[in-house]
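Here's the letter readout for the chains.
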Amino acid sequence: MTLFFLTYLLLYGGIHLYVFYRLQAAYPMSLPAKTLVIGALASMVISPVLVRFLERNGYELPANAFAHVGYLWMGLIFLFFSTSLIFDFYRLILHAGTWFGISGLSGWVPQSRLRLLLPLAVSLLLTGYGYAAALRIVPETVTIETGKLPQGMQRLRIAQISDVHLGLIVSGMRVERICKAIEKANPDILVSTGDLMDGQLDGLAASVERLRRIQPRFGKVAVTGNHEFYAGIEQSLQLTKAAGFRVLRGERFDVGNIVRFVGIDERTVQWNDGSFSSEKDLLPPASDRNMLTVLLKHRPVVRQASLGAFDLQLSGHTHAGQILPFSLVTRLLFPYHRGLYPLQNGSAIYVSRGTGTWGPPIRIGSAPEVTIIDFVQRG
């Protein structure tokens, strides 16, 4: 945790230092003005830490205010930094041309104020767009043919939510929009593929109750994500169960003879006797693969040894980057980044873009989704 905090301060503080020098170059400041600006920027750097402190000590109203301001600022400053780098690259090309003796390029170099104001204007517009986009829940329907449904059953509908991140920001109206999208789809079963909970968990009663009111005919199942552990695994499990989910932590769960769910815990499952379960142990052997099998695993990592043992793996975690251009980084880290990917031996994986937001309450190039998976009888 200490290493994470130091890395955060180095990266996020470095971006704010870059912004300060940009501001100083465009509008030279007196010492009192510099002190004021540095203090304001420093407060934004530590705002996520301040939010957690206020939340843990029961100051929900100021924590909520700081969360919205601090995380919106985080999105804005990230977009400003990314846009400014494009201008810096443009200047570098012009300077390189000058060094190689190409004349007349100096007049094309934008002045310092323009280099501040243009990226700022673009970033403000993108932040507004991203905030509105994060509120629009997009239903994504995936149809998969199978020969494994019981005789006489033509369709099994599964709704998937992932990376909701219930907390100070994803609550109230946002949760209501998510729940209405699920109810409109009228699924047979609802699954959560991790990171349902986030942050301090004391103020989530209304959100949990709203999720509890969704009652698909075959129930609700969930697996843990990394943020359930960050928030406190025991309380996260209690709230997830209170919302009506059966949490699979290295377990199988059969819905009659219709579908088998295999839930992989975000961390390796250790049983009471000290032994560990593996994905291979949980998935059915070759002799028992006639039932439709859905593997629930938060991270979109596919084990080669598991191919053929499941029909569909449902995952999340990537948020598909959530904000361009961060998606370029997440795509490098996770080859299975968003959407449906066919795999070998009749298996497939679907990676959700996520249903809520983490950090900045904005989405650009990655709309939040409720995924509707329709298994239909082949032929």
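Residues numbered from 1 in each chain as written. Predicted model: local features only at pLDDT ≥ 70, side-chain atom pairs only at ≥ 80, totals over all residues. Heavy atoms only, no water.

1. A word on the sheet that holds strand 2 (residues 155-161)
In any sheet, the strands associate via hydrogen bonds between backbone groups, in a parallel or an antiparallel arrangement. Across the sheet, which stays open at both edges, the six strands sit in the order 1-12-2-3-4-5 with mixed pairing between neighbours. Edge strands, defined here as strands with exactly one partner in the open sheet, are strand 1 (138-146) and strand 5 (246-247). Here two bridges tie strand 4 (residues 220-223) to strand 5, and the two strands are oriented parallel to one another. Bridge pairing links alanine 222 to valine 247 in strand 5. Across the sheet, helix 6 (residues 173-185) touches strand 2, strand 3 (189-193) and strand 12 (369-377), and the angle it forms with strand 12 is around 15 degrees. (Pairing = 2+ DSSP bridges. Helix = DSSP H or I, 4+ residues; strand = E, 2+ residues; numbered from the N terminus. Contact = heavy atoms within 4.5 Å. Axes fitted to C-alpha atoms, helices over the stretch in contact; angles between N-to-C directions.)

2. So, the pairing of strand 7 (residues 259-263)
In terms of burial, strand 7 is a largely internal element, five of the five residues being buried. Here strand 7 shows a buried face lined by Val259, Phe261 and Gly263 and a second buried face lined by Arg260 and Val262. Connecting strand 6 (residues 251-255) to the next strand, strand 7, in antiparallel fashion are three residues, including glycine 256 with a positive phi near 55 degrees. In the sheet, strand 7 pairs with strand 8 (residues 292-296) via five bridges, with the strands oriented parallel. Looking across to strand 8, one finds that arginine 260 is bridged to threonine 293. (Buried < 20%, exposed > 50% of the residue type's maximum accessible area, 1.4 Å probe, protein only.)

3. A short note on the side chain of threonine 371
Note on placement: threonine 371 falls in strand 12. Discounting residues that sit within four places of it in the chain, threonine 371 has contacts with Glu140, Val142, Ile158, Ala159, Gln160, Tyr350 and Ser352.

4. Overview of the confidence of the model for the protein chain
Residues with a pLDDT of 70 or more make up 91% of the protein chain, whose mean pLDDT is 87. The secondary structure element of the protein chain with the lowest average pLDDT is helix 10 (residues 279-282), at 80, and the one with the highest is strand 3, at 97. (pLDDT = per-residue confidence, 0-100.)

5. Overview of empty space enclosed by the protein
Enumeration over the complete set of coordinates arrives at three cavities of 30 Å³ or more. Empty space within the largest cavity amounts to approximately 60 Å³. Lining the largest cavity are Ala134, Leu135, Ile137, Val170, Arg174, Arg177, Ile178, Thr355, Gly356 and Thr357. Grouping the constituent residues of the lining of the largest cavity by class yields five nonpolar, three polar and two charged. Space inside the second largest cavity adds up to approximately 40 Å³. Put simply, the parts of the chain that give the lining of the second largest cavity at least two residues each are strand 4 and helix 9 (233-242). A per-class count over the lining of the second largest cavity returns five nonpolar, three polar and one charged. (1 Å grid on protein atoms, 1.4 Å probe; cavity = no way out; pocket = protein on both sides within 12 Å on 5 of 7 lines; lining within 4 Å. Points joined across faces, edges and corners; volume = space filled by probe spheres on them. Nonpolar A, V, L, I, M, F, W, Y, C, P; charged D, E, K, R; others polar.)

6. Considering the pattern of salt bridges
Enumeration according to the criterion identifies twelve salt bridges in this entry. A salt bridge links arginine 210 to glutamate 183, with the nearest nitrogen and oxygen atoms 3.0 Å apart. Here the residue arginine 210 occupies a position in helix 7 (residues 205-212), and glutamate 183 occupies one in helix 6, the gap between them amounting to 27 residues. Of the residues examined, arginine 210 reaches a relative accessible area of 8% and is grouped as buried. For glutamate 183, a relative accessible area of 37% gives the class partly exposed. The closest approach of N and O atoms between glutamate 209 and arginine 212, which form a salt bridge, is 2.8 Å. With a gap of three residues between them, glutamate 209 and arginine 212 both fall in helix 7, about one helical turn apart. (Salt bridge = Lys/Arg side-chain N within 4 Å of Asp/Glu carboxyl O.)

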